[in-house]
Amino acid sequence: MVLINENYLKLTESYLFSDIKKKVTAYQEQHPEARIISLGIGDVTRPIVPAIIEAMHKAVDEMGHAETFRGYGPEQGYRFLQDRIIEHDYRSRGVELDADEIFVGDGAKSDLGNIGDILSVKNRVAVTDPVYPVYVDTNVMAGRAGELAGDGEHWSQIVYLPCTAENNFVPALPTERPDIIYLCYPNNPTGTALSKEELQKWVDYALENESLILFDAAYEAFIHDENIPHSIYEMKGAKQVAIEFRSFSKTAGFTGLRCGYTVVPKELKLYNAAGEKVGVNRLWNRRQTTKFNGTSYIVQRAAEAAYSQLGTQQIKESIEYYMRNARLLKESLQRIGLQIFGGDNAPYIWVKTPNGLSSWKFFDRLLHECHIVGTPGVGFGPSGEGYFRLTAFGRYEDTVEAISRIQEWKL
Ligand code: PLP
């Protein structure tokens, strides 16, 4: 008898995006004339910039010649990319890292899920709420989440840190000590960010309580304000307590190409069962060299080109395109009296649903009355109830059209 991992049976189906799709399809079938605009799923719409396409063409050609062909590469990533990452993403912000602290992978989601391989299932996990669902689900799979409560929303072993308008989306430090804390800033789904002072408080907490912070900086490229940290390592002491996850997905449109990286500082030490300190960098390296065979050469050359002078400039234009959408959405919806959060340093707008409407009720009305699709906040966690996410990743013309429909809407 072959037994399965029972934890997978505990998982609730992720109905959010399939429920949205079902509702949209049903509505469209009944109203074929309706031109539905989607500001729902967080995928990008701009194509890969020319500097990156050119670098990929060159890398493809290299693969066709015996002299320049590449087979298996280093599991940790090519040095040419690690060096660019260190120089552009860290040294420029006063953070020194060695190449063997950078692990290039196929995107942040894989590493965020896989990091649990090197952490005991006995660890207690804390997440901000609402949250990117991958953090919770991967801990359910590993057996760290406990049991799902009767409300169908809370896991017994997970510490939830509510982020709502009441605390200005700045989570309060936990009252019961978690071992592992997931922080994502700038945040998906709320679009809000933490200042340097606020993030330093979390690093200080982790240092004092010997907790580990898993810092997801997938949206770092959208930061505009000076006082918002791009990396957790800008905070004093962070190398001793934090692993950072980065992605080229939203930064450079790599959602389909797949590339990201994870920083595991050599200073970071955790404990074995005997209470002795163990370096985490060595463990992660061992995990990666055993279970992962590297990101493709062509994609790593593409990621390298994202740091070239031309690449940087072209990417900046794409980011500005999305952030113009964010600004427009935020300002226009505020003008008609909606309470709006986020959107300044992230491509997400977090709307407080008016008149006490539930997230799903607001979804239905926006779909039926304006033909616009967004994401109900409650789908990201219990504290997301009464909120709604709109993304700035749509086409500019669609965003403008969506705004004008909402402005004429009799809510
Ligand atoms: N982290 C957050 C907060 C995200 O919103 C996403 C994607 O939506 C990811 C990570 C996944 O990034 P990647 O495409 O690099 O796997």
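Our structure is the block above this text.
What counts and how
Residues numbered from 1 in each chain as written. Predicted model: local features only at pLDDT ≥ 70, side-chain atom pairs only at ≥ 80, totals over all residues. Heavy atoms only, no water. Phe/Tyr/Trp six-rings, centres within 6.5 Å; stacked < 30°, edge-to-face > 60°. Helix = DSSP H or I, 4+ residues; strand = E, 2+ residues; numbered from the N terminus. Salt bridge = Lys/Arg side-chain N within 4 Å of Asp/Glu carboxyl O. Buried < 20%, exposed > 50% of the residue type's maximum accessible area, 1.4 Å probe, protein only. Pairing = 2+ DSSP bridges. Right-handed = clockwise from strand over helix to strand, strands pointing away. 1 Å grid on protein atoms, 1.4 Å probe; cavity = no way out; pocket = protein on both sides within 12 Å on 5 of 7 lines; lining within 4 Å. Points joined across faces, edges and corners; volume = space filled by probe spheres on them. Nonpolar A, V, L, I, M, F, W, Y, C, P; charged D, E, K, R; others polar.

**Student:** Would you mind going over the packing of aromatic side chains with me for this structure?
**Tutor:** Geometry of an aromatic ring pair is reported as the spacing of the ring centres plus the angle between the planes. Tallied over the full model, the rule gives 25 aromatic pairs. Relative to Tyr261, the ring of Tyr90 has its centre 6.4 Å away and its plane inclined at 75°; by these criteria the two rings are edge-to-face. Taken together, the positions of Tyr90 in helix α4 (residues 79-90) and Tyr261 in strand β8 (residues 260-263) put the pair 171 residues apart, joining distant regions of the chain. On the basis of an interplanar angle of 65° and a centroid distance of 6.3 Å, the ring pair of Trp350 and Phe380 is categorised as edge-to-face.

**Student:** Would you explain the pattern of salt bridges in this entry?
**Tutor:** Note that side chains of opposite charge can pair when their charged atoms are close. The full count for this structure, using the stated rule, is 24 salt bridges. The closest approach of N and O atoms between Lys266 and Asp98, which form a salt bridge, is 2.9 Å. Highlighted residues: Lys266 in the loop between β8 and β9 (269-271) and Asp98 in the loop between α4 and β2 (102-105), separated in sequence by 168 residues. The closest approach of N and O atoms between Asp344 and Lys330, which form a salt bridge, is 3.1 Å. Here Asp344, found in the loop between β11 (339-342) and β12 (348-352), pairs with Lys330, found in helix α11 (residues 309-335); they are 14 residues apart in sequence, far enough to count as distant.

**Student:** For this particular structure, what's the right way to read the pairing of strand β4 (residues 158-162)?
**Tutor:** For a regular strand, the rule is simple: side chains alternate between the two faces of the sheet. Counting buried positions along β4 yields 4 of 5 residues, so the element is predominantly enclosed. Across 5 bridges, strand β3 (residues 125-129) lies against β4 in parallel orientation. In the strand pairing of β4, Thr128 is matched with Leu161. This β-α-β element, β3 to helix α6 (residues 134-142) to β4, shows right-handed connectivity.

**Student:** Whenever I open this one, the layout of surface pockets confuses me. Can you help?
**Tutor:** Rolling a probe over the atoms, with the probe sized like a water molecule, indicates the empty space that remains. The space that makes up the largest pocket amounts to roughly 1400 Å³. Broken down by secondary-structure element, the contributors of at least two residues to the lining of the largest pocket are α2 (16-30), α5 (108-114), α6 and α8 (249-252). Counting residues per element, the lining of the largest pocket draws most heavily on α6, which supplies 5 residues. Looking at the second largest pocket, its volume works out to about 820 Å³. In terms of lining residues, the second largest pocket is bounded by 28 residues, among which Glu220, Ala221, Phe222, Lys316 and Ile319 are the most central. Those elements giving two or more residues to the lining of the second largest pocket turn out to be α4, β7 (242-247) and α11. For the lining of the second largest pocket, the leading source of residues is α11, giving 7 residues. Considering only residue class, the lining of the second largest pocket consists of 11 nonpolar, 8 polar and 9 charged.

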